[in-house]
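# An overview of the molecular structure
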Amino acid sequence: MVTEETMSTVLQSLSTELAAAVESAGRAIVAIHARRRIPASGVHWRPGVIVATHHTINREEGITVTLPDGTTGPATLAGRDPSTDLAVLRLSDPGLPTASPRPDAPKAGELVIALGRPGSSLTASWGVVSRVAGPWRTWQGAEIDTLLRLDLAIYDGFSGGPLIDSGARVLGINTSALARGAPLTIPVATVERVVTELLERGTIRRAYLGIGTQEVRVPQSLARTLDLTSDAALLIVSVEPGGPADRDGVLLGDVLLELDGAAVRDPSDVLAKLGGDRVGRPIAARVIRGGQVKTLQLSPGERPKPQAA
Amino acid sequence: MSAPITARLARELAAVVDRLRRATVQVRTRGAGMGAGVLWRAGDGSRALVITNAHVVRGNRTTIELSDGTVASARAVARDPKRDLAALEFAADRDLPYAVGRESPPLEVGELVIALGHPGGLVGAATLGIIHAASERDGRTPRWIQADVRLAPGFSGGPLADAQGRLIGINTMVRGGLALAVPAATIDAWLRGSRALVSS
């Protein structure tokens, strides 16, 4: 076969830079053995702390981690949060560099690489950030600081691996479990926040009221009579027996107008008022009951821990 | 707004794809659809070979078409169904734009790759991707090069090349969305060890 001298071109430089970014970022990526068959990926985020995805950890005991040099050792689960799909493991003296996070969000169209380690070898897939938007809520109510949707192929080991830019800086942790299998990245700010709380408490505290709601329109005549500024509200369609709202006198059929002085038009508006700092702190609720507006004082409780997967 | 880097990138990519396209042929076998093949200079260069996948060639005779439109009859001179490789020989009356190989360095995860083929009869289509996983372990040639590049039927037997258009493998199959290519080193070793090729 014919061979040829190498040429220095922009195309070759791009190729070399991508490979260098993969090599550099790959030194902080481990394989996590916490399920059957294919291992998942994890990122050495802080010294001795590995960030992974919740949905790829199917057991809480006997978890092992394979390092980039191929050695495997035990790791302990420090905490997990199904609502952000993040989990944190502790590893004694891994002797690895930590990831270099990039705090600012990428722009749509930015060239990115998703890395994984589904076993001993590092894997990569490339593409672009397809959509960047403001904060959003997962279906379990957790707030994610920035929406980062990706246009790239998902292979084994995608979840729990980092999304990196061409300079090997980490833009977040990848998961396929928060958007019906579509590739998505949990941004650095969210990861930092969740990791800190999981290391402190092992779980993410979330306040809850024990109500189910549904969007409803207040009839115009009633809205006029009650002098409401908007006709959008939430109908209480379920009240958990013995739950915080039940204890504080919320009734099935109440129409919720405001929580903590802010109008609620969507069930996510209720979740937005129920952060971890709200547990045990009274919150005012304005409701329509029997054609009259009433104000109730509610004391949110702490959301019970979900059953382990 | 000018984008000098992007413009240079586009120009260079077009040039690399153009060179690669000249080294890629169409392989047509009745009843087997169309595949791709790579012009390969064997040994002293006295014989014109096309390397393709065994699954692209049915029987011993096939028709190939070069990128300049030249149509030639080719004969299968070696075949290895296990590695999914076939070598075709044809009479060439001039020097051909043979594929250029890459001897070194070893492939790195993340480096750019270009695949060429004829998906759905679209002749000479190119697609760009990266190396998905390290292909070399302990200096041994692996069974497959794994690439994150989108292939379709019609890419079979065609070249997978690096950022400079140097041949690194022959695209052979897609598994779980991942492109698998037979490494060029495997083909080299296979051709050298192929008795059928030597005796014919």
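All of these numbers come straight from a predicted model, not from anything done at the bench. (Residues numbered from 1 in each chain as written. Chains lettered and ligands numbered in written order. Predicted model: local features only at pLDDT ≥ 70, side-chain atom pairs only at ≥ 80, totals over all residues.)

When helices and strands are counted, chain B shows 3 helices and 13 strands. At 16 Å, chain B has a C-alpha radius of gyration in line with the 16 Å of a compact globule built from 200 residues. Each principal axis of the C-alpha atoms in chain B carries an extent, and together these give about 55 × 40 × 35 Å. The 200 residues of chain B split such that 48% are buried. The long-range fraction of contacts in chain B, counting pairs at least 24 apart against all pairs at least 6 apart in sequence, stands at 61%. (Helix = DSSP H or I, 4+ residues; strand = E, 2+ residues; numbered from the N terminus. Rg over C-alpha atoms; globule rule 2.2 N^0.38 Å. Buried ≥ 20, exposed ≤ 12 C-beta atoms within 10 Å, placed from the backbone. Contact = placed C-beta atoms within 7 Å.)

A few words now on the overall build of chain A. Scanning chain A from terminus to terminus reveals 5 helices and 24 strands. Taking the principal axes of its C-alpha atoms as reference, chain A extends roughly 85 × 45 × 30 Å. By the burial criterion, 41% of the 309 residues in chain A qualify as buried.

Residue and element names in this part refer to chain A. Strand order in the open sheet formed by 7 strands is β6-β5-β2-β3-β4-β8-β7, with antiparallel pairing between adjacent strands. Bordering the open sheet on either side are β6 (72-74) and β7 (76-81), each of which pairs with just one other strand. Between one strand axis and the next, the sheet turns by 35° as a mean value, whatever way the strands run. Where strand β4 (residues 49-53) lies against strand β8 (residues 86-90), 5 bridges are found, and the strand directions are antiparallel. Looking at the pairing, Val 51 lines up with Val 88 of β8. Helix α2 (residues 188-201) contacts β3 (40-46), β4, β7 and β8 of the sheet and is inclined by roughly 125° relative to β7. (Pairing = 2+ DSSP bridges. Axes fitted to C-alpha atoms, helices over the stretch in contact; angles between N-to-C directions.)

Further remarks concern the interface of chain B and chain A. Between chain B and chain A, the residue contacts involve 29 residues of the former and 26 residues of the latter. Where the side of chain B that touches chain A is concerned, the elements lending two or more residues are α1 (4-22), β2 (33-42) and β7 (100-101) of chain B. Ranked by residue count, the leading element in the side of chain B that touches chain A is α1 of chain B, at 6 residues. Residues that form the side of chain B that touches chain A fall into these classes: 14 nonpolar, 6 polar and 9 charged. (Nonpolar A, V, L, I, M, F, W, Y, C, P; charged D, E, K, R; others polar.)

The strands making up a sheet associate through hydrogen bonds between their backbones, and the pairing can be parallel or antiparallel. Residues and elements named next belong to chain B. Spatially, the 6 strands close up into a barrel ordered β1-β2-β3-β6-β5-β4, and their pairing is antiparallel. On average, adjacent strands in this sheet sit at an angle of 40° to one another, irrespective of strand direction. Where strand β1 (residues 24-29) lies against β2, 6 bridges are found, and the strand directions are antiparallel. For Val 25, the partnering residue across the bridge sits in β2 and is Gly 37. Across the sheet, helix α2 (residues 184-193) is in contact with β2, β3 (47-52), β5 (71-80) and β6 (85-90); its angle to β6 comes to roughly 65°.

This brings us to the domain arrangement of chain B. Residues and elements named next belong to chain B. As assigned here, chain B comprises domain 1 (18-99) and domain 2 (112-188). One C-alpha centre belongs to domain 1, the other to domain 2; they are set 17 Å apart. When residues of the side of domain 1 that touches domain 2 are traced back to their parent elements, those giving at least two are α1, β1, β2 and β3. Of the residues forming the side of domain 1 that touches domain 2, the biggest block, 5 residues, is contributed by β2. (Domains from an automatic or database assignment.)

The subject of this paragraph is α2 of chain A. All names here are of chain A. With 14 residues, α2 should cover 20 Å at 1.5 Å per step; its first-to-last C-alpha distance of 20 Å lies within 8% of that length. Considered for burial, the residues of α2 that qualify are Val 188, Thr 190, Val 191, Val 194, Val 195 and Leu 198. Within α2, the buried residues cover an arc of 150° as seen down the axis, which keeps them to one side. Seen from the buried face of α2, the exposed residues on the opposite side, beyond 90 degrees, are Thr 196, Glu 200 and Arg 201. The positive-phi residue at the C-terminal boundary of α2 is Gly 202, with phi of around 80°. (Expected span 1.5 Å × (residues − 1). Arc of directions from axis to C-beta.)

A few words now on the pairing of strand β23 (residues 292-298) of chain A. Residue and element names in this part refer to chain A. Looking at chain direction, strand β22 (residues 283-289) and β23 are connected through 7 bridges and run antiparallel. The residue bridging Ile 283 from the neighbouring strand is Leu 298, located in β23. Taken together, β22 and the strand that follows it, β23, pair antiparallel across an intervening segment of 2 residues, in which Gly 290 is found at a positive phi of about 60°.

What follows covers the environment of Asp 162 of chain B. You can see Asp 162 of chain B is positioned in the loop between β11 (159-161) and β12 (167-175). Along the chain, Asp 162 of chain B and Glu 111 of chain B lie 51 residues apart, while their C-alpha atoms are 7.7 Å from each other.

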